[in-house]
Amino acid sequence: GAVVSQHPSRVICKSGTSVKIECRSLDFQATTMFWYRQFPKQSLMLMATSNEGSKATYEQGVEKDKFLINHASLTLSTLTVTSAHPEDSSFYICSARGRLEYEQYFGPGTRLTVT
Amino acid sequence: KNQVEQSPQSLIILEGKNCTLQCNYTVSPFSNLRWYKQDTGRGPVSLTIMTFSENTKSNGRYTATLDADTKQSSLHITASQLSDSASYICVVGSTSGGSYIPTFGRGTSLIVHP
């Protein structure tokens, strides 16, 4: 099956710094990538949707200047958490969609801890 | 508003027993319905995917059903194992204006005890 990777799997950073998370589709072209955030024992919350080569569409309440998303190619999307605060600590998961509408594959997630 | 409701919120069963998880949705237009298994600290992994015309689909000990008329789906787990302990998420996809929009349920947390 299709594989989506994320890097890093875990990251600890200090408050005020920025962190970049990469999401790659390894064996298919991802026309759309989704970024989710998940707090402990809660469901996935969609943050933004991005199509290759165009600006991301952010969900209501998600600050686009804080969570910068770049979908530069059909196999790579990045999420940069700028000026991170402890409340940004969460599990961030990306998902990639292929050309067929039923294809949606998730990455393994990135655990971000802001101290 | 598109919604996906899952029940129960949590479930505890003994190893070897069967269980059924429910998913009700109000998503339009309907494109597909998927069940995912999410282990703690991991990304969701697809178990089954069904389109409008499919009533049932199996993946090993997992069997999903879909009733498009009543907008209900179930995930049946047979002969549960300790490794089945996870969160099970129902996702209903919709296509609108060329965009694919998934709506997530909140998940059912399953704990299998020895």
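Relevant structure appears above.
In what follows, the accompanying structure is described. Every residue gets a number counted from 1 within its own chain, in the order that chain's sequence is written. Chains carry letters and ligands carry numbers; both start at the beginning, A for chains and 1 for ligands, and go up in the order they are written. At least 70 in pLDDT is required for a residue's local features to be given in this predicted model, at least 80 for side-chain atom pairs to be given and counted, and no such filter applies to totals for whole chains, interfaces and linings, which use all residues. Heavy atoms throughout the structure, all of them, feed into the side-chain values; hydrogens and water do not.

### Considering the overall build of chain B
Under the convention used in this document: A run of H or I in DSSP counts as a helix once it spans at least four residues, and a run of E counts as a strand once it spans at least two, with each numbered from the N terminus. Think of it in three bands: with a 1.4 Å probe and only protein chains considered, a residue is buried below 20% of the maximum accessible area for its type, exposed above 50%, and partly exposed in between. Contacts: residue pairs with any heavy atoms within 4.5 Å of one another.
Of regular secondary structure, chain B possesses 0 helices and 11 strands. Mapped in sequence order, the helices and strands of chain B form the string β-β-β-β-β-β-β-β-β-β-β. Considered along the principal axes of its C-alpha atoms, chain B spans approximately 50 × 30 × 20 Å. By the burial criterion, 44% of the 114 residues in chain B qualify as buried. Taking the intrachain contacts of chain B between residues at least 6 apart in sequence as the baseline, contacts between residues at least 24 apart amount to 56%.

### Notes on the side chain of A:Ser77
All names here are of chain A. Inclusion rule: Polar contacts, as counted here, are pairs of nitrogen or oxygen atoms within 3.5 Å of one another; within protein the pair requires one atom able to donate a hydrogen and one able to accept it, and residues that are adjacent in sequence qualify only if both atoms are side-chain atoms.
By the secondary structure assignment, Ser77 is in strand β8 (residues 76-81). Since its relative accessible area comes to 0%, Ser77 is described here as buried. Here Trp35 takes part through its side chain, which lies 3.0 Å from a polar atom of the side chain of Ser77. Those residues in contact with Ser77 that lie beyond four places of it in its chain are Ile21, Glu22, Cys23, Met33, Trp35, Ser50, Ile69, Asn70 and His71.

### A word on the environment of A:Asp88
Residues and elements named next belong to chain A. If you trace the backbone, Asp88 turns up in the loop between β8 and β9 (90-97). Sequence-wise, Asp88 and Phe39 are 49 residues apart; in three dimensions their C-alpha atoms are separated by 9.8 Å. Setting aside residues no more than four positions away along its own chain, Asp88 makes contact with Lys66, Phe67, Val81, Ser83, Leu112 and Val114.

### A look at the environment of A:Lys64
Considering the arrangement of structural elements, one finds A:Lys64 in the loop between β6 (57-58) and β7 (67-73). Counting along the chain gives 21 residues from A:Lys64 to A:Ser43, while the straight-line C-alpha distance between them is 21 Å.

### Examining the pattern of salt bridges
Oppositely charged side chains are able to pair whenever their charged atoms sit close together. Residues and elements named next belong to chain A. What counts is decided by this rule: Here, a salt bridge means any Lys or Arg side-chain nitrogen found within 4 Å of an Asp or Glu carboxyl oxygen.
Applying the stated rule across the entire model yields 4 salt bridges over all chains. The shortest N-O distance in the salt bridge between Asp88 and Lys66 comes to 2.8 Å. Placement of the pair is Asp88 in the loop between β8 and β9 and Lys66 in the loop between β6 and β7, with a sequence separation of 22 residues. An identical accessibility class is assigned to Asp88 and Lys66; each is buried.

### Observations concerning the sheet that holds strand β8 (residues 72-77) of chain B
All names here are of chain B. For clarity, the threshold we go by: Between any two strands, pairing holds if DSSP finds at least two bridges. Orientation is described by axes fitted as lines to C-alpha atoms, over the contacting stretch for helices, and by angles from 0 to 180 degrees between their N-to-C directions.
Strand order in the open sheet made by the 5 strands is β1-β3-β8-β7-β6, with antiparallel pairing throughout. Looking at strand neighbours, the two that pair on one side only are β1 (3-7) and β6 (56-59), the edges of this open sheet. Here the strands of the sheet are splayed against their neighbours by 15° on average, with no regard to which way each runs. Bridge count for strand β3 (residues 19-26) against β8 is 6 bridges, and the pairing is antiparallel.

### Remarks on the interface of chain A and chain B
What counts here: Throughout, buried area stands for the accessible area (probe radius 1.4 Å) lost by two parts on being put together, summed over both. When residues are sorted by character, Ala, Val, Leu, Ile, Met, Phe, Trp, Tyr, Cys and Pro go into the nonpolar class, Asp, Glu, Lys and Arg into the charged class, and all the rest, Gly among them, into the polar class.
Of the residues lining the interface, 16 residues belong to chain A; the matching set on chain B comes to 18 residues. Interface of chain A and chain B: buried area, both sides summed, is about 1,400 Å²; carbon and sulfur atoms make up 56% of it. The interface formed by chain A and chain B includes 0 salt bridges. One can count 4 residue pairs in polar contact (both at pLDDT 80 or more) joining chain A with chain B. Listed by contribution, the elements that provide at least two residues to the side of chain A that touches chain B are β4 (32-38), β9 and β10 (104-106) of chain A. Along the lines of polarity and charge, the residues of the side of chain A that touches chain B split into 8 nonpolar, 4 polar and 4 charged.

Purely spatial values, then, with no claim about function.
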